[in-house]
Amino acid sequence: MRRTFEEAMEHRRSYYSIGSDSPVLDEEVVHIIRQAVKNVPSAFNSQSTRIVLLLGDEHTKLWNIVKETLKKMISAEAFVQTEAKIDGCFASGHGTVLFFEDTSAVKKLQEAFPAYQDRFPTWSQHTSAMHQFAIWTMLEDLGLGATLQHYNPLIDEEVRHTWKLPKEWELIAEMPFGMPTAEPGGKEFLDLSERIKIFR
């Protein structure tokens, strides 16, 4: 049974224990990504979000890049824990969604609307965030677990080089996903009265 939007939003969580199996065909993942990219709104209809979906060996390749990059930056002792987390929480999954923003689209808007030029980079981030939320929620609705990671900008150049992506594509986040192999951790909520004000 399909969930309502409210139910899907409530069930979306961070899954740090995922396996390489998938309860759905890869084409269903491709479908929800296409739906999100087509229908999620963007400031001034910039349509600036770009997505790269990595599956199979390409997914593994990404997390090897992350490990090799971090290995050069931290101590051998610290890397042992880092490698274990990457292998057990991210590389162990079925695939990864990479979220980019096309900076050339942002620059065009800055030139066309100079009064707002300082705001367009922020609005671009808002656009990316909406895509992240939509895809994350729809992945969960398919029975997949996911998290949102931020190894950028450390891996940006190697990612761009490996998959021959345009230099204007700025990496925003990485979303590994796969079959959940354990329940997500608990989540605490602030009192909503501290976060919402209603005036009638």
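Up top is the structure these notes are about.
Residues numbered from 1 in each chain as written. Predicted model: local features only at pLDDT ≥ 70, side-chain atom pairs only at ≥ 80, totals over all residues. Heavy atoms only, no water.

Colleague: Explain the packing of helix α3 (residues 57–71) against helix α4 (residues 76–90) to me, using residue names and the numbers behind them.
Modeller: Close contact between α3 and α4 brings their axes to 10 Å; oriented N to C, the two are set at 165°. Between α3 and α4, the interaxial angle falls into the category roughly antiparallel. Where α3 crosses over α4, the handedness of that crossing is right-handed. Residues His-59, Trp-63, Val-66, Lys-67, Leu-70 and Lys-71 of α3 lie in contact with α4, whose contacting residues are Phe-79, Thr-82, Glu-83, Ile-86, Asp-87 and Phe-90. (Axes fitted to C-alpha atoms, helices over the stretch in contact; angles between N-to-C directions. Helix = DSSP H or I, 4+ residues; strand = E, 2+ residues; numbered from the N terminus. Parallel < 35°, antiparallel > 145°, perpendicular 65-115°, else oblique. Left-handed = near helix turned anticlockwise from the far one by under 90°. Contact = heavy atoms within 4.5 Å.)

Colleague: Explain a nonpolar patch on the surface to me, using residue names and the numbers behind them.
Modeller: On the surface, Phe-5, Met-9 and Phe-133 cluster together into a nonpolar patch covering about 300 Å² of accessible area. Residue position: Phe-133 is located in helix α6 (residues 120–141). When its relative accessible area of 31% is taken as the criterion, Phe-133 is described as partly exposed. (Patch = residues over 30% accessible without salt bridge, like charges linked within 9 Å, V, L, I, M, F, W, Y side chains within 5 Å. Areas by Shrake-Rupley, 256 points an atom, 1.4 Å probe, with all protein chains shown as cover. Salt bridge = Lys/Arg side-chain N within 4 Å of Asp/Glu carboxyl O. Buried < 20%, exposed > 50% of the residue type's maximum accessible area, 1.4 Å probe, protein only.)

Colleague: Requested: an account of the environment of His-161, with residues and values cited.
Modeller: Counting through the fold element by element, His-161 comes out in helix α7 (residues 156–162). Along the chain, His-161 and Gly-145 lie 16 residues apart, while their C-alpha atoms are 28 Å from each other.

Colleague: I'd like a description of the side chain of Thr-49, backed by residues and values.
Modeller: Within the secondary structure, Thr-49 is located in strand β2 (residues 49–55). In this structure the side chain of Thr-49 is engaged in a polar contact, spanning 2.5 Å, whose partner is the side chain of Glu-101. Side chain to side chain, Thr-49 and His-131 meet in a polar contact 3.2 Å long. Leaving out residues up to four positions away in the same chain, Thr-49 has contacts with Phe-100, Glu-101, Thr-127, Ser-128 and His-131. (Polar contact = N/O pair within 3.5 Å; in protein donor to acceptor, adjacent residues only side chain to side chain.)

Colleague: Any chance you could break down the pattern of salt bridges for me, citing the residues and the numbers?
Modeller: This model, assessed by the stated rule, comprises six salt bridges. Across the pair Lys-61 and Glu-58 runs a salt bridge, and its minimum N-O distance is 3.2 Å. Linking Lys-61 with Glu-58, this pair stays in helix α3, spanning three residues, or about one helical turn. Taking the shortest distance from any N to any O, the salt bridge between Asp-87 and Lys-67 comes out at 2.7 Å. Here Lys-67 lies in helix α3 and Asp-87 lies in helix α4, a separation of 20 residues in the sequence. By relative accessible area, which is 11% here, Lys-67 ends up buried.

Colleague: Run through the packing of aromatic side chains, naming residues and quoting values.
Modeller: Under the definition given, this model contains 11 aromatic pairs. With a centroid separation of 5.8 Å and 50° between ring planes, the pair formed by Tyr-116 and Trp-123 is classed as tilted. Among the residues examined, Tyr-116 registers a relative accessible area of 41% and is labelled partly exposed. Every member of this aromatic cluster is reached through a ring pair, and the members are Phe-44, Phe-113, Tyr-116, Phe-120 and Trp-123. Lying across the ring of Trp-136, Arg-12 places its NZ or CZ 4.3 Å from the centre. (Phe/Tyr/Trp six-rings, centres within 6.5 Å; stacked < 30°, edge-to-face > 60°. Lys NZ or Arg CZ within 6 Å of the ring centre and 35° of its normal.)

Colleague: Explain the side chain of Ser-128 to me, using residue names and the numbers behind them.
Modeller: Structurally, Ser-128 can be placed in helix α6. Beyond its immediate sequence surroundings of up to four residues, Ser-128 is in contact with Thr-49, Phe-99, Glu-101 and Ile-172.

Colleague: Tell me what's going on with the pairing of strand β3 (residues 95–102), and back it up with residues and numbers.
Modeller: Counting buried positions along β3 gives eight out of eight residues, so the element sits mostly inside the fold. Alternating residues of β3 divide into Gly-95, Val-97, Phe-99 and Glu-101 and Thr-96, Leu-98, Phe-100 and Asp-102, and every residue in both groups is buried. As paired elements, β2 and β3 share seven bridges and run antiparallel to each other. Residue pairing in the sheet places Leu-55 in a bridge with Gly-95 of β3. Bridge analysis of β3 against strand β5 (residues 169–180) gives eight bridges, and the strand direction is antiparallel. Paired with Thr-96 across the strands is Pro-176, a residue of β5. (Pairing = 2+ DSSP bridges.)

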